[in-house]
Amino acid sequence: MKKTLLLLAMVTVPTLCFPSLCLADVYIKYSNKDSEKYVMKVEMNGLIKEVTFNARTTSAATIQGNSKTSVIVTPCGKVEVKNDSKIEIEKGCIKIL
């Protein structure tokens, strides 16, 4: 019983005390229509990260960070995406759906 309560406290306390840390990723649902896998640079709060979009796939990607928005740098320009965005990739360009 004590172990169960301790485990519950270890999971619950960080979530309640630091909710912004727990909810600060950008989750993207994507459809890549190209036969090419893309690794694109992402700007989030001044940091540069990378996100991978697999070829001919409908999937999802998570960009780890401390913001609910990020900017993906594509060959067609920069695209700002928000958490839970749906995007389509065609010819290396991103279109927000």
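Above this text sits the structure in question.
Description of the structure in this document.

What counts, and where the lines are drawn
Position labels on residues start from 1 in each chain and follow its written sequence. pLDDT decides what is reported in this predicted model: residues at 70 or higher carry local features, side-chain atom pairs at 80 or more are listed and counted, and totals for whole chains, interfaces and linings draw on all residues regardless. Side-chain measures here rest on the full set of heavy atoms in the structure, leaving out hydrogens and waters. Working definition: a disulfide is two cysteine sulfur atoms within 2.5 Å of each other. In this description a helix means any DSSP run of H or I spanning at least four residues, a strand means any run of E spanning at least two, and both kinds are numbered starting from the N terminus. Using a 1.4 Å probe on the protein chains alone, a residue whose accessible area is under 20% of its type maximum counts as buried, one over 50% counts as exposed, and one in between counts as partly exposed. In this analysis, rings of Phe, Tyr and Trp, with Trp reduced to its six-membered ring, are considered paired at centre separations within 6.5 Å, and the interplanar angle assigns stacked below 30 degrees, edge-to-face beyond 60, and tilted for intermediate values. Between Lys or Arg on one side and Asp or Glu on the other, a salt bridge is scored when a side-chain nitrogen of the former is within 4 Å of a carboxyl oxygen of the latter. Two residues qualify as a contact provided that any one of their heavy atoms is within 4.5 Å of a heavy atom in the partner residue. Strand pairing follows a simple DSSP-based rule, namely that at least 2 bridges must link the two strands. Only C-alpha atoms enter the line fits that serve as axes; for helices the fit covers just the stretch in contact. Angles between N-to-C directions range over 0 to 180 degrees.

**Quick look at the state of the cysteines**
Argument step 1. Here the structure, examined in full by the defined rule, presents 1 disulfide.
Argument step 2. Through a disulfide, C76 is tied to C93; the S-S separation comes to 1.6 Å. Separated by 17 residues along the polypeptide, C76 in the loop between β5 (69-74) and β6 (77-82) and C93 in strand β8 (residues 93-96) bring together distant segments of the chain.
Argument step 3. According to the relative accessible area criterion, C76 is partly exposed, its value standing at 49%.
Argument step 4. Overall, C93 belongs to the partly exposed group, its relative accessible area being 24%.

**Side note on the packing of aromatic side chains**
Argument step 1. All told, the structure shown has 1 aromatic pair when counted by the stated rule.
Argument step 2. Taking the centre distance of 4.8 Å and the plane angle of 75° together, the rings of Y30 and F53 count as edge-to-face. Here the residue Y30 occupies a position in strand β1 (residues 26-32), and F53 occupies one in strand β3 (residues 47-53), the gap between them amounting to 23 residues. As far as the burial class goes, Y30 and F53 line up, both buried.

**Section: the pattern of salt bridges**
Argument step 1. Scanning the model with the defined rule gives 5 salt bridges in all.
Argument step 2. K29 is paired through a salt bridge with D84; the nearest N and O atoms lie 3.4 Å apart. Remark: D84 occurs in the loop between β6 and β7 (85-90) and K29 occurs in strand β1; sequence separation between them is 55 residues.
Argument step 3. Since its relative accessible area comes to 43%, D84 is described here as partly exposed.
Argument step 4. A salt bridge links E88 to K95; the shortest N-O distance between them is 3.6 Å.
Argument step 5. Using a relative accessible area of 15% as the deciding quantity, one classes E88 as buried.
Argument step 6. Judged by relative accessible area, K95 falls into the partly exposed class, the value being 48%.
Argument step 7. Each of K33, E88 and K95 takes part in salt bridges that share partners, so that together they form one network.

**Looking at the environment of K41**
Argument step 1. Checked against the element boundaries, K41 lands in strand β2 (residues 38-44).
Argument step 2. Note: C-alpha distance between K41 and I72 (31 residues apart in sequence) is 6.0 Å.
Argument step 3. In this structure, K41 is in contact with I48, K49, E50, V71, I72 and V73, ignoring residues within four places of it in sequence.

**Remarks on the sheet that holds β1**
Within a sheet, adjacent strands bond to each other through the backbone by hydrogen bonds, running parallel or antiparallel.
Argument step 1. Overall, mixed pairing links the 4 strands, which are arranged β4-β1-β7-β8 in an open sheet. With one partner strand each, in any of the chains shown, β4 (57-63) and β8 form the two edges of the open sheet. In this sheet, adjacent strand axes meet at a mean angle of 30° when their direction is disregarded.
Argument step 2. Looking at chain direction, β7 and β8 are connected through 4 bridges and run antiparallel. Its bridge partner being in β8, E88 is matched across the sheet by K95.

Functional significance is not addressed by these values, which are geometric in nature.
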